[in-house]
Amino acid sequence: MDRMKELAREILAEAKAKGAEYAQCSVSEGEKKEFNVDGGRFSLMRSLFNRNVTITLLKDQKKGTVAINKFDIETVKNAVSDAIAAAESGQPDEAWEYAKEPVEKEYTDGAPECDTDKLFMRTKELLESIKEKHPTILMEQMITEHNSGTEVFMNTNGVNYVTNYGAYTFSLMYSAHEGEKSTSFYGSDITLKTLDKPVLECGKIDWEISMVEKQLDPISLEGKFNGPVILAPMALYEIVLGTIMGNFVGDACMIDGTSIWKDKLGEQVADPRFNMSSEPYNDDVVVPNRHTAEGYETENFDLIKDGKLNSFCLSQYAANKTGNKRAGNGGRNMHVAAGEKTLEEIISGIDKGLLVMRFSGGQPAASGEFSGVAKNSFLIENGKITAAISETMISGNVPDMLVNIRDISKDIANDGNNSLPFIAFDGITISGK
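Cut-off values and rules
- Residues numbered from 1 in each chain as written.
- Predicted model: local features only at pLDDT ≥ 70, side-chain atom pairs only at ≥ 80, totals over all residues.
- Heavy atoms only, no water.
- Axes fitted to C-alpha atoms, helices over the stretch in contact; angles between N-to-C directions.
- Helix = DSSP H or I, 4+ residues; strand = E, 2+ residues; numbered from the N terminus.
- Parallel < 35°, antiparallel > 145°, perpendicular 65-115°, else oblique.
- Left-handed = near helix turned anticlockwise from the far one by under 90°.
- Contact = heavy atoms within 4.5 Å.
- Buried < 20%, exposed > 50% of the residue type's maximum accessible area, 1.4 Å probe, protein only.
- Pairing = 2+ DSSP bridges.
- Disulfide = S-S within 2.5 Å.
- Core = buried A, V, L, I, M, F, W, Y, C linked by side-chain atoms within 4.5 Å.

**Student:** Break down the packing of helix α1 (residues 2-17) against helix α2 (residues 73-88) for me, with residues and values.
**Tutor:** The N-to-C vectors of α1 and α2 enclose an angle of 40 degrees; their axes lie 10 Å apart at closest approach. As the angle between them shows, α1 and α2 are arranged oblique. You can see that α1 and α2 cross each other, and the crossing is right-handed. Contact with α1, carried on its side by L7, E10, I11, E14 and A15, involves I73, V76, K77, V80 and I84 of α2 and no other residues of that element.

**Student:** Can you break down the pairing of strand β14 (residues 352-361) residue by residue, with the values?
**Tutor:** Among the 10 residues in β14, 7 count as buried, and that is most of the element. Relative to β14, strand β9 (residues 224-231) is paired through 3 bridges, and the arrangement is parallel. Residue pairing in the sheet places I230 in a bridge with L355 of β14. Across 9 bridges, the pairing between β14 and strand β15 (residues 369-381) is antiparallel. Directly across from K352, in β15, lies its bridge partner E381.

**Student:** Describe the state of the cysteines, listing the residues and the values that go with them.
**Tutor:** One pass over the structure, following the stated rule, counts 0 disulfides. Distance from the sulfur of C202, which forms no disulfide, to the nearest cysteine sulfur (C114) is 16 Å. Residue C253 stays outside any disulfide, its sulfur separated by 9.7 Å from that of C313, the closest cysteine.

**Student:** Got a sec to walk through the nonpolar core? Specific residues and values, please.
**Tutor:** In this structure, L231, V240, I244, V249, M276, I304 and I394 are the most contacted members of the largest nonpolar core, which totals 49 residues. Looking at this core, the element that brings in the most residues is helix α5 (residues 233-249), giving 9 residues. If sequence neighbours within four positions are ignored, V249 has contacts with I244, M254, W261, L303, L309, S311, F312, C313 and L314. One finds L126, L172, F378 and F422 within the second-largest nonpolar core, a separate group that totals 40 residues.

What follows is the structure, given as structure tokens:
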């Protein structure tokens, strides 16, 4: 680590010597230990090492950024020269601003040391448990890995962070097969700090696998109707949270003025029960992001509180461009507060609707209008799940959905990065054959 700190200091000194009025750099070194399973069999075990240096500087208020993957001083000096050249070829922008208050902190997060034997044991156990408990499931691919490393972040204003981190990640892609019948694939992911208990007992993996098994005999939905749709956590992220972050509160849509929420700060934009926050320091997050790309220490913040728009998710640059406040972090680690009903209780209150586990569609319009295929989904009739359905179109408008929330589950899916409930929305258009 001492060498990484020294390299960071050399980069900043070189940038200043070449005329930069400001410079920052991230020097990181990491290791990945990985097991792969393909077609239900172990296919690969390997260790990968990586080094990265990212240099950002300002010269005459013009920004230049260069990334390299070597630590030798000649390559680094050339990279600084390239960053200077990039800045000189750009346009000045007074909105560029970076962390100014000196700070020196060191963090250790997650599981920096890998227990390789236990990782293999849990991987093997997971594969065998799925075969035994869910015999129709074919594990098309499973990647289990431990990522660890150290990052040194410094800038010329005296900001200095050292972060040591590590985490176990399990990524599964599978489908169900029985005779000539098969389902579409589904993916489950979870990030863990420890391997203290079987992975199948973590998060929603077991539930998700069991739901895929029930999709071997889907029916085709007939006709078109408006009805309630329950979005499982993955579909909730894909349709609702992704649209909020990309279309309504993020840097790009706010700077170009296309956000329909740009003048709605403090106003009601959702049902009062809907609370959405970005919480790197939630207890469920394994490795929090300790600083922003501009060098500010991160903190939790509420995007929507009691249904009111509480904050945009803006970098300092976007905040300066739009006249709004910088957000507490870059918008990772999303948390939506739980409701009061179980998923079963929510289903029991629906006469006819869908449970959607996954969604595939194009980029929603600036207005939040979306349309796409509801995948791995189920028909709800008279308060019960009655059948799996083959791929069916759903369409709606995210701002309308947010004010037409029917129920929020008290069941929360925590994958080590985000913690999200199931949410039932009224007024979704469901189109069958």
